[in-house]
Amino acid sequence: MAITDELSALRESTLADIAAADTTAALETVRVAVLGKSGTLTGYLRSMGSVPKEERAAVGKAVNEARAAVEEALGAAKARLEAAELDAAIDAAAVDVTLPGRAQQMGTRHLINAITDEISEIFLGLGYSVATGPEVETDWYNFTALNAPADHPSRSMQDTFYVRDLSGDTAAVRGESDVLLRTQTSGVQVHAMEDEELPIYVIAPGKVYRRDVADPSHLPQFTQVEGLVVDKNITFGDLKGTLEYFCKHMFGPDRKTRFRAHFFPFTEPSAEADVSCGVCGGTGHTHDGERCRMCKGTGWLEILGCGMVDPNVLEMSNIDPEVYSGFAFGVGVERVACLKYNVPDLRMLLEGDMRFLRQF
Ligand code: DAH
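Cut-offs applied
Residues numbered from 1 in each chain as written. Predicted model: local features only at pLDDT ≥ 70, side-chain atom pairs only at ≥ 80, totals over all residues. Heavy atoms only, no water. Helix = DSSP H or I, 4+ residues; strand = E, 2+ residues; numbered from the N terminus. Buried < 20%, exposed > 50% of the residue type's maximum accessible area, 1.4 Å probe, protein only. Polar contact = N/O pair within 3.5 Å; in protein donor to acceptor, adjacent residues only side chain to side chain. Contact = heavy atoms within 4.5 Å. 1 Å grid on protein atoms, 1.4 Å probe; cavity = no way out; pocket = protein on both sides within 12 Å on 5 of 7 lines; lining within 4 Å. Points joined across faces, edges and corners; volume = space filled by probe spheres on them. Nonpolar A, V, L, I, M, F, W, Y, C, P; charged D, E, K, R; others polar.

Visitor: Any chance you could explain the side chain of threonine 223 here in plain terms?
Guide: Structurally, threonine 223 is set in strand β5 (residues 221–231). Taking the relative accessible area as the measure of exposure, threonine 223 reaches 10% and is therefore buried. A polar contact is formed between the side chain of threonine 223 and the side chain of glutamate 334, at a distance of 2.7 Å. Beyond its immediate chain neighbours, meaning those up to four positions away, threonine 223 contacts Ile112, Thr116, Gly206, Lys207, Val331, Gly332, Val333 and Glu334.

Visitor: Honestly, the layout of surface pockets in this entry has me stumped. Any pointers?
Guide: Take a probe with the size of a water molecule and roll it over the atoms, and the empty space left behind shows itself. In this structure, the largest pocket occupies an estimated 910 Å³ of space. Every residue lining the largest pocket is counted, 39 residues in all, and those nearest its centre are Arg210, Phe222, Gln224, Glu272 and Glu302. Counting only elements with at least two residues in the lining of the largest pocket, the list comes to β5, β6 (257–264), β7 (267–276), β8 (300–309), β9 (325–332) and α10 (333–341). The residue inventory of the lining of the largest pocket, partitioned by class, reads 16 nonpolar, 14 polar and nine charged. As a volume, the second largest pocket reaches approximately 540 Å³. Contributing to the lining of the second largest pocket are 21 residues, with Met294, Lys296, Leu301, Arg335 and Leu339 lying nearest its centre. For the lining of the second largest pocket, the secondary-structure elements that each account for two or more residues are β6, β8 and α10. When grouped by side-chain class, the residues that make up the lining of the second largest pocket number 10 nonpolar, three polar and eight charged.

Read these as spatial facts, not as claims about activity.
What follows is the structure in structure tokens.
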């Protein structure tokens, strides 16, 4: 075959390859195969010297024409493929504004916070104000100033997390550190007596911590609302009336309350208050005579501790017990939440199961 025929065959097959290339990468492969350093057409250009003189003009013309045709076809194909690839990239990255949005789940207030607020609101309505204290507390506020000096047996009622002194003193294990996570909000009573003018009508909601393993009726971290009144002529009658009012508002007008004698180091006398069971209506048994599981057949549910502020506690905070008296109480928020909504296990409040939490 004459060289010019070879060249026109190469030109045609290359133009066909260019037309068939469907990506810029495939097109580049075609270009390199024909016009690259060792490309087929490049080979003809290099070997012009060995073409016989009389054919050189015709072959040279054919090579140049082939090169021009291939270069033009490459340029046109490149522009076309680049535009198509850009369009595809834009399409791929595009946001379809007509797609419906993903529905956002609306959150709800957590039951613990809702009940904390509900309790607080009842007392704010009675003219109380909110007091706060630190969760990392000293032994003085949590125990000693509440009439529970070192080695007082009441300390063992509340297994305590002691805080290690980070200055490097590692001796701060149980009993050797006087910094702790408060086991009760009662310490806020002491802060309030120190900081506030008399008379005092405060509530103190907040988290407390105990070295307990979580089970249906215990949590290592839970919430209390403390209450403290210090004024002239405060009697146990004021305490009872206030807490009965609270229970009726919290649990409903048909629930009864009762007070049982108890012991707390910082109150004298002390009592625990019970509210009649909402599941069995206070009867202790179900319609078909079975023992009520909520109140274990007693008809009553314990909801808070309370009492008249011990004169020692007033004195330690420099309040004259001959002039002033007071009462105090502490309510467990998680417990109230469970009793109000008949939740059988405190841990359900903390599991974060939305199906449970959304009910309230
Ligand atoms: N701090 C007690 C506890 O955590 C509850 C309590 C009882 C608080 C009697 C009081 C009170 O203010 O007067 O078990």
